[in-house]
Amino acid sequence: MRTIAAVTTMNQTYYNTIGHNMLESFCAHWPKDVNLYVYTEDFDLPLQAHNIITKDLYTEVGARLRAFLDWRGQHHTRKFAYKAYAWMRATGTLTEDVLMYLDADTETKKEVPRSFLEGLLPEDTLLAYMYARATGIDEQGQEQFFDNAETCIYAFNQRHSFASEFMKRYTEIYETREIGNSSVFRKSHDTWVMTECVRLAQQHGVRINNLHPDRDRRTPIKATVLYEYFSHYKGKTKFIVNQ
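1. Considering the side chain of N157
- Counting through the fold element by element, N157 comes out in strand β7 (residues 143–157).
- A distance of 3.1 Å separates the side chain of N157 from the backbone oxygen of T125, its partner in a polar contact.
- A polar side-chain atom of N157 sits 3.0 Å from the main-chain amide nitrogen of R159.
- N157 has contacts with R2, D97, L121, P122, E123, T125, L126 and A163, leaving out every residue within four places of it along the chain.

2. Let's talk about helix α2 (residues 57–72)
- The terminal C-alpha atoms of α2 lie 18 Å apart, and with 16 residues this falls more than 12% below the ideal 22 Å at 1.5 Å per residue.
- Most pronounced at A63, the bend in α2 amounts to some 60 degrees.
- Lining the buried residues of α2 we find β1 (4–10), β2 (35–40), β3 (52–56), α3 (81–93) and α5 (163–175).
- Sitting at the head of α2, D56 places a side-chain oxygen 3.2 Å from the backbone nitrogen of Y58.
- Downstream of α2 by one or two residues, G73 has phi in the positive range, about 65 degrees.

3. Let's talk about the state of the cysteines
- Per the stated rule, a full pass over the model turns up zero disulfides.
- Among the cysteines around C27, which has no disulfide bond, C152 carries the closest sulfur, lying 19 Å off.
- Its relative accessible area of 18% is what places C27 among the buried residues.
- Looking at the unpaired C197, the closest cysteine sulfur is the one in C152, lying at 18 Å.
- On the accessibility criterion, C197 (0% relative accessible area) is buried.

4. Looking at the packing of aromatic side chains
- This model, assessed by the stated rule, comprises 15 aromatic pairs.
- Here the aromatic rings of W87 and Y154 are separated by 4.9 Å at their centres, their planes lie at 80 degrees, and the arrangement is edge-to-face. Placement of W87 in helix α3 and of Y154 in strand β7 is noted, with a sequence separation of 67 residues between them. In this structure, W87 and Y154 share a single accessibility class: buried.
- Ring-pair connections join several aromatic residues into one group, and the members of that group are F26, W30, F116, Y229 and F230.
- Looking at K110, its charged tip hangs above the ring of Y229, at a distance of 5.2 Å from the centre.
- Of note, R186 hangs over the ring of F146, and the distance from its end group to the ring centre comes to 3.9 Å.

5. Points about the nonpolar core
- Core analysis: the largest hydrophobic core is formed by 45 residues, its most contacted members being L126, L127, F166, Y170 and Y174.
- Apart from residues no more than four positions distant in its own chain, L126 is found in contact with L121, A155, F156, N157, H160, F162, A163, F166, A201, V206, R207 and I208.
- In this structure, W30, F43, I52 and L117 belong to the second largest nonpolar core, which totals 35 residues.

6. Things to note about unusual backbone geometry
- The phi angle at R177 is positive, at roughly 65 degrees, despite the residue not being glycine.
- When you line up the elements, R177 lands in the loop between α5 and α6 (190–203).
- By relative accessible area, which is 21% here, R177 ends up partly exposed.
- At R215, a residue that is not glycine, the phi angle is positive and equals roughly 55 degrees.

7. Points about the environment of T135
- Relative to the helices and strands, T135 is located in strand β6 (residues 127–137).
- Between the alpha carbons of T135 and T54 there is a distance of 37 Å; along the sequence they are 81 residues apart.
- Discounting chain neighbours no more than four positions away, the residues touching T135 are E143, Q144, F145, F146 and R186.

The rules behind the values
- The numbering scheme is per chain: residues are counted from 1 as the chain's sequence reads.
- Local features in this predicted model are restricted to residues of pLDDT 70 or higher, and side-chain atom pairs are both shown and tallied only at a pLDDT of 80 or more, whereas totals for entire chains, interfaces and linings draw on every residue.
- Each side-chain value is worked out from all heavy atoms of the structure, with water and hydrogens disregarded.
- Put simply, DSSP H or I for four residues or longer makes a helix, DSSP E for two residues or longer makes a strand, and each gets a number counted from the N terminus.
- Contacts described as polar in this section are N or O atom pairs within 3.5 Å, which, within protein, must combine one atom able to donate a hydrogen with one able to accept it, while residues neighboring in sequence count only if both atoms come from side chains.
- Here a residue-residue contact requires only that any non-hydrogen atoms of the pair lie within 4.5 Å.
- Multiplying one less than the number of residues by 1.5 Å gives the expected span of a helix.
- At every residue, the bend is computed as the angle between two fitted axes, covering the seven residues ending there and the seven beginning there respectively.
- To count as a disulfide, a pair of cysteine sulfur atoms needs to be within 2.5 Å.
- Relative accessible area decides the class of each residue, using a 1.4 Å probe on protein chains only: under 20% of the type maximum gives buried, over 50% gives exposed, and in between gives partly exposed.
- The rule is short: rings of Phe, Tyr and Trp, with Trp giving its six-membered ring, pair when the centres are within 6.5 Å, and they are stacked under 30 degrees, edge-to-face over 60, tilted in between.
- Should the NZ of a Lys or the CZ of an Arg lie within 6 Å of a ring centre and within 35 degrees of the ring normal, that charge is described as sitting over the ring.
- We call a set of buried Ala, Val, Leu, Ile, Met, Phe, Trp, Tyr and Cys residues a nonpolar core when their side-chain atoms join them within 4.5 Å.

Below, the structure written as structure tokens:
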């Protein structure tokens, strides 16, 4: 049986607002042998459980993260860097066979069977993720569509033969600041980085499980098998979920 772990990151404000829901629902509904690694952003996590493991993000990747944030300055997309650097650290140091990323604004709605987690990511598959359709306007004022990803939840097979190449490219995009190249990445978000890495894997014939095969939604979770078990509170909804 493969080992599985989940990964997330959050700061104190996010924990107080919605992150505690994510953690409490994980403890209530996930298999008890699945650990959740929480990369905390300069605060002590109040919630404790046998399968909640905290790691201070600044201790783990402080110099690299700070260098990236200094380069990014006060641009609004700097907030997405914490997630990316936590993910890079997790894949570089954790030993579980499968890692699942969970945004801090997700919530588990009911018991998650291990068979469901296993089924998302067969052993010959590198990644289970949600394709998301992005839109834009061209110079003629016409709507355009672009490949993108929803990265609130995804699963990664660390034992796949292409796993290291996938993460090498992911890391390179951040560490070389290529993410700032708007001709390649429409926005400096991890979703666009994920899309680029998926494209690379598919070019090499690597099997990817797209959980949104209809490819027609910008916010696709409700059209996937994930929605039976998970909610994702986007935008303003995350600030009213506890009211």
